[in-house]
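# Working through the structure, step by step
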Amino acid sequence: MGTPGVAGATGPIGSTGAPGLGGIVTPRSTSTVVLRPPTNAPVTAAVDCGSAEQVIGGGTRVVTSEPTDADRVHLLDSGPTLTGWVGTAASTSRITAGSTLTVTATAFCLEGVP
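Residues numbered from 1 in each chain as written. Predicted model: local features only at pLDDT ≥ 70, side-chain atom pairs only at ≥ 80, totals over all residues. Heavy atoms only, no water.

In this section: the sheet that holds strand E3 (residues 53–64). What holds strands together in a sheet is hydrogen bonding between their backbones, with the strands either parallel or antiparallel. Read from one edge to the other, the open sheet built from three strands follows the order E1-E6-E3, with strand pairing classed as antiparallel. Only two strands of the sheet have a single partner each, and these edge strands are strand E1 (25–35) and E3. Direction aside, neighbouring strands of the sheet carry axes that sit 15° apart on average. (Pairing = 2+ DSSP bridges. Helix = DSSP H or I, 4+ residues; strand = E, 2+ residues; numbered from the N terminus. Axes fitted to C-alpha atoms, helices over the stretch in contact; angles between N-to-C directions.)

Its place among the elements puts Glu-66 in the loop between E3 and strand E4 (73–80). Relative accessible area serves as the criterion here: at 29%, Glu-66 is assigned to the partly exposed category. In this structure the C-alpha to C-alpha distance between Glu-66 and Leu-110, which are 44 residues apart in sequence, comes to 35 Å. The residues contacting Glu-66, other than those within four sequence positions of it, are Thr-96 and Ser-99. (Buried < 20%, exposed > 50% of the residue type's maximum accessible area, 1.4 Å probe, protein only. Contact = heavy atoms within 4.5 Å.)

The next subject is the environment of Ala-52. Inspection of the secondary structure puts Ala-52 in the loop between strand E2 (43–48) and E3. Given the relative accessible area of 41%, Ala-52 is considered partly exposed. Sequence separation between Ala-52 and Glu-111 is 59 residues, and the spatial gap between their C-alpha atoms is 6.2 Å.

Geometry only, nothing functional implied.
Shown next, in the form of structure tokens:
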């Protein structure tokens, strides 16, 4: 391979891009907490945006109150609905007595959508 050549001239400035969505994005969350749910029983959390908002993203978090139970739960589904976000998880084996499973759904909602 040879020696690199001299840098070329700077190219022209590109055109201005389309305007962004604008507006304010508000995260909205809700949680469902279940004490030692049965194995494979779905635990669901769902959250909606306000009537003047549109969902533009989101996610689901799954937590056990007993850290050693973390490998005994599985996120089954996480995704948008027409008005918000929903997430579902389940334990894949019996979690510790007294332990809770918490599923939290978060929707990112864009304000000012007609």
